[in-house]
Amino acid sequence: MAKKTSTFICQSCSYQTSKWMGKCPECGSWNSFTEETTVAAKDLNRAHKRTALGGEAPKLINEIVLEKQFRVVTGMGEFDRVVGGGVVPGSLILIGGEPGIGKSTLLTAIMGRLSQSHAGQTVLYVSGEESVNQVAERSKRVGVNADNFYIYNETNWQKILEQINKLQPRFLVIDSIQTTSSSEIDSAPGTVSQIREVTYELMNHVKANGITCFVIGHITKEGSIAGPKILEHMVDTVIYFEGDQFGHYRILRAMKNRFGNTNEVGIFEMKESGLDEVKNPSQYFLDDQLKESFGRSLTCIIEGSRSLFVEVQALVVDNKFGNGRRTTHGIDNNRLSMMVAVIEKYFGLPLGFNDIYLNVVGGMKLTTRESDLSIIASLLSSYRSKPIDSSTIFVGEVGLTGEVRSIPQMEMRIKEMAQLNYKRVVTSEKTARELKGKYDIEIIGLRQARDLDQFIGK
Ligand SMILES: Nc1ncnc2c1ncn2[C@@H]1O[C@H](COP(=O)(O)OP(=O)(O)OP(=O)(O)O)[C@@H](O)[C@H]1O
Ligand SMILES: [Mg+2]
């Protein structure tokens, strides 16, 4: 009989203590300790024989014959792009995202495609969260029609393993890792010990049998995958599915990939019939209806290897009762404060008593500084109630002395702008000098942000 001991484990960093604590001394989280019954490792090893990877004698690196990495294309182009051109058999792919963002929908659609392209093989979707009917209803809605697609409603790992051994699936989904638990461990599902145990078992099984396994992971309110980082360390690929739950677009982003780079993003649109790939997203986030309104300007950002055009909207209004409010959506609040300070200093406009709202249309998040010029242009346009020509794009960083700085990957953006028939791009003087005349678009270089004045209200 395995010897059991009771331990308190921090659910965010897996720090262990023998008694309950209010605050974790390791990661500083409050109220994060849960009592878990652990089994001594040597007993656990004896209790159920593990098929750990390798187990052979060390080999010389030159003696190893490299096999060409084989990839399976799922047929969902945006997903394949993110994982580096297809999934690798025997790998574990973790997909995390907010509740209701569409994780199950995405995997149902991917499994549907795989079941069609691998007709002789089995696909197994294990759902611990929804009934077989719910999964089947969704599968029909997204257009899955295959006779090798199994749905299994189970949360117990040992029973799941039994079915895996029986059905020998080539592709497997575990929806979700937090609801799956092993009967070898007494702790509740979703606790550190359970997640560690189930992932370890899953990893060994998947690698030994060449199964491609997709695991869905819940995320915490801070936005990281629930449970300790150990889950992310163990799997081969970690992908986050993000976006505005009430908006219609979704972005798939790789955070870790043992088989490819993590620069690419996949863009989808949520529809009644499931997730639609957005194959040509560059102008997807624009709204053409508002050409003549003020307080809006366009910028161009890079996501993965593609350029996207996004609209930055600003609203500047008087506040007669005290200090102005600053509210942003999709842009860091501190960045807005910096741009407001630049306007106050170099345009001589007192914005201290104005309420300022800033929004990126479509729920996109701007994380780099390339959109500084666009932020300032939108703010000025709103303050002066004068529109900006909608065939002008603003791309450049603005420093604290009001200087306009060049940013990387400008040529790629300008090429795309020229292709889409935008008339002009306003950017740094350096970029203009380097790229002037190369493409069929007017490139205007600014030395100082205050030179932006000429584009407002023309
Ligand atoms: N009948 C429907 N028509 C259109 N859209 C639907 C329909 N049913 C669900 N959806 C969309 O699918 C989303 C839920 O997708 P899904 O269940 O795949 O999310 P999830 O990330 O797996 O959520 P959870 O974390 O709860 O498992 C809903 O937010 C909704 O936008
Ligand atoms: Mg789900």
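Residue numbering note: each chain is counted from 1, following its sequence as written. Both sets of labels track the order of writing: A upward for chains, 1 upward for ligands. Totals for whole chains, interfaces and linings use every residue, but because this is a predicted model, local features are given only for residues with pLDDT of at least 70 and side-chain atom pairs only at 80 or more, for both listing and counting. Water and hydrogen atoms were dropped before computing side-chain values, which therefore reflect all heavy atoms in the structure.

Here a strand pair is declared whenever DSSP counts at least two bridges between the two strands. Numbering of helices and strands runs from the N terminus; a helix is a DSSP stretch of H or I covering at least four residues, while a strand is a stretch of E covering at least two. Reading across the sheet, the nine strands line up as S6-S5-S7-S8-S4-S9-S10-S11-S12 and stay open at both edges, with mixed pairing between neighbours. Only two strands of the sheet have a single neighbouring strand rather than two, namely strand S6 (149–153) and strand S12 (274–277). Going from strand to strand, the sheet's axes swing by 25° on average, the running direction of each strand aside. Bridge count for strand S4 (residues 92–97) against strand S9 (residues 237–242) is five bridges, and the pairing is parallel. Bridging from a neighbouring strand, isoleucine 93 pairs with threonine 237 of S9. Residues count as neighbours in contact if any of their non-hydrogen atoms are within 4.5 Å of one another. For helices, the axis comes from a line fit to the C-alpha atoms of the stretch in contact; other axes are also lines fit to C-alpha atoms, and the angle between any two N-to-C directions lies between 0 and 180 degrees. Each of strand S5 (123–127) and S6 touches helix H4 (residues 132–141); the most contacted strand, S6, lies at about 145° to it.

Bringing the nonpolar core into the picture now. The term nonpolar core refers to a set of buried residues drawn from Ala, Val, Leu, Ile, Met, Phe, Trp, Tyr and Cys, joined through side-chain atoms within 4.5 Å. Exposure classes here rest on a 1.4 Å probe applied to the protein chains alone. A residue is buried below 20% of its type maximum, exposed above 50%, and partly exposed in between. Ranked by internal contacts, the top residues of the largest apolar core, which has 42 residues, are Ile376, Leu379 and Leu452. Elements that contribute at least two residues to this core include exactly strand S10 (249–257), strand S11 (265–271), strand S14 (306–318), helix H8 (333–346), strand S16 (354–360), helix H9 (372–384) and strand S21 (442–446). Sort the elements by how many residues they give to this core and H9 lands first, with six residues. Apart from the residues within four sequence positions on either side, isoleucine 376 is in contact with Met339, Val342, Ile343, Phe347, Val398, Ala449 and Leu452. Ranked by size, the runner-up nonpolar core spans 31 residues in total, among them Ile95, Val135, Phe171 and Ile216.

This part is about helix H3 (residues 103–117). The end-to-end C-alpha distance of H3, which contains 15 residues, comes to 21 Å, matching closely the 21 Å that a straight helix rising 1.5 Å per residue would cover. Of all the 15 residues making up H3, twelve are buried; the element is thus mostly covered by neighbouring parts of the structure. When H3 is considered as a whole, its buried residues turn out to be Lys103, Ser104, Thr105, Leu106, Leu107, Thr108, Ala109, Ile110, Met111, Gly112, Leu114 and Ser115. Given the number of residues in a helix, its expected span is that number minus one, multiplied by 1.5 Å.

Here we come to the layout of surface pockets. Rolled over the atoms, a probe sized like a water molecule indicates the empty space that remains. For cavity detection a 1 Å grid was placed over the protein atoms alone, and a set of points counts as a cavity when a 1.4 Å probe fits there but cannot get out; an open set counts as a pocket when protein lies on both sides within 12 Å along at least five of seven lines, with lining residues being those that have an atom within 4 Å of a point. Grid points are joined across faces, edges and corners, and a volume is the space filled by probe spheres set on the points. Quantified by volume, the second largest pocket comes out at close to 350 Å³. Along the wall of the second largest pocket there are 20 residues; nearest its centre are Ile302, Glu303, Lys365, Thr367 and Thr368. At the level of secondary structure, the elements contributing two or more residues to the lining of the second largest pocket comprise S10 and strand S13 (296–303). Residue ranges labeled as domains rest on an automatic or database domain assignment. Taken domain by domain, the makeup of the lining of the second largest pocket includes at least three residues from each of domain 2 (71–279) and domain 3 (284–454).

Moving on, we get to the UniProt feature "binding site: ATP" (unreviewed entry) in the protein chain. UniProt positions are given in the numbering used here, feature names are shortened, and annotations may be inferred rather than shown by experiment. In the numbering used here, UniProt assigns the "binding site: ATP" (unreviewed entry) feature to Gly97, Glu98, Pro99, Gly100, Ile101, Gly102, Lys103 and Ser104. Taking the relative accessible area as the measure of exposure, isoleucine 101 reaches 1% and is therefore buried. Look at lysine 103 and you get buried, because its relative accessible area is 9%. Those residues in contact with lysine 103, other than ones at most four positions away along the chain, are Ile95, Gly96, Gly97, Glu98, Ile216, Gly217 and Phe241.

The next point concerns the pairing of S6. Examined bridge by bridge, S5 and S6 share five bridges and lie parallel to one another. Within S6, the position partnered with valine 123 by the bridge is phenylalanine 149. In this fold, S5 hands off to H4, which returns the chain to S6; that crossover is right-handed. Throughout, right-handed denotes a crossover for which the path from the first strand over the helix to the second runs clockwise when the strands point away from the viewer.

Residue serine 176 is reached from aspartate 175 by a cis peptide bond, and omega for that bond is 5°. With respect to the helices, strands and loops of the structure, serine 176 is situated in the loop between strand S7 (171–175) and helix H6 (192–209). Positive phi, close to 65°, is recorded for serine 14, a residue that is not glycine. For serine 14, the position within the fold is in the loop between strand S1 (4–10) and strand S2 (16–17). In this structure, glutamine 168 takes a positive phi of about 50° despite not being glycine. Take glutamine 168: it is sitting in the loop between helix H5 (157–167) and S7.

In this scheme Phe, Tyr and Trp rings, the latter by its six-membered ring, pair at centre separations within 6.5 Å, and the angle between planes marks the pair as stacked below 30 degrees, edge-to-face above 60, and tilted otherwise. For the structure on display, the rule yields five aromatic pairs. Aromatic pair tyrosine 15 and phenylalanine 33: ring centres 6.5 Å apart, planes at 80°, arrangement edge-to-face. With tyrosine 15 in the loop between S1 and S2 and phenylalanine 33 in strand S3 (residues 33–39), this pair connects stretches of sequence that are 18 residues apart. Using a relative accessible area of 29% as the deciding quantity, one classes tyrosine 15 as partly exposed. Ring plane angle 80° and centroid distance 6.2 Å describe the contact between phenylalanine 394 and phenylalanine 455, whose orientation is recorded as edge-to-face. Taken as a pair, phenylalanine 394 in strand S17 (residues 392–394) and phenylalanine 455 in the segment after S21 lie far apart in primary sequence, 61 residues in all.

Attention now goes to the environment of tryptophan 30. By secondary structure assignment, the location of tryptophan 30 is in the loop between S2 and S3. According to the relative accessible area criterion, tryptophan 30 is exposed, its value standing at 63%. When neighbours within four sequence positions are excluded, tryptophan 30 is seen to be in contact with Gly22 and Lys23.

Nearness here has a simple test: a residue counts as near a molecule or strand if at least one of its heavy atoms is within 4 Å of that partner. For ligand 1, the set of nearby residues contains 13 residues, the closest of which are Gly100, Gly102, Lys103, Ser104 and Thr105. Between ligand 1 and serine 104, the relevant distance is 2.6 Å, taken from an oxygen atom to a side-chain nitrogen or oxygen of the residue. Side-chain polar atom of arginine 138 to an oxygen atom of ligand 1: 3.3 Å apart, as the coordinates give it. A per-element tally of the shell around ligand 1 places H3 first, with three residues. Ten residue types, Ala, Val, Leu, Ile, Met, Phe, Trp, Tyr, Cys and Pro, are classed as nonpolar, four, Asp, Glu, Lys and Arg, as charged, and the remainder, Gly among them, as polar. Along the lines of polarity and charge, the residues of the shell around ligand 1 split into three nonpolar, four polar and six charged. Here a polar contact means two N or O atoms within 3.5 Å. Within protein one must be a hydrogen donor candidate and the other an acceptor candidate, and residues neighboring in sequence count only if both atoms are side-chain atoms.

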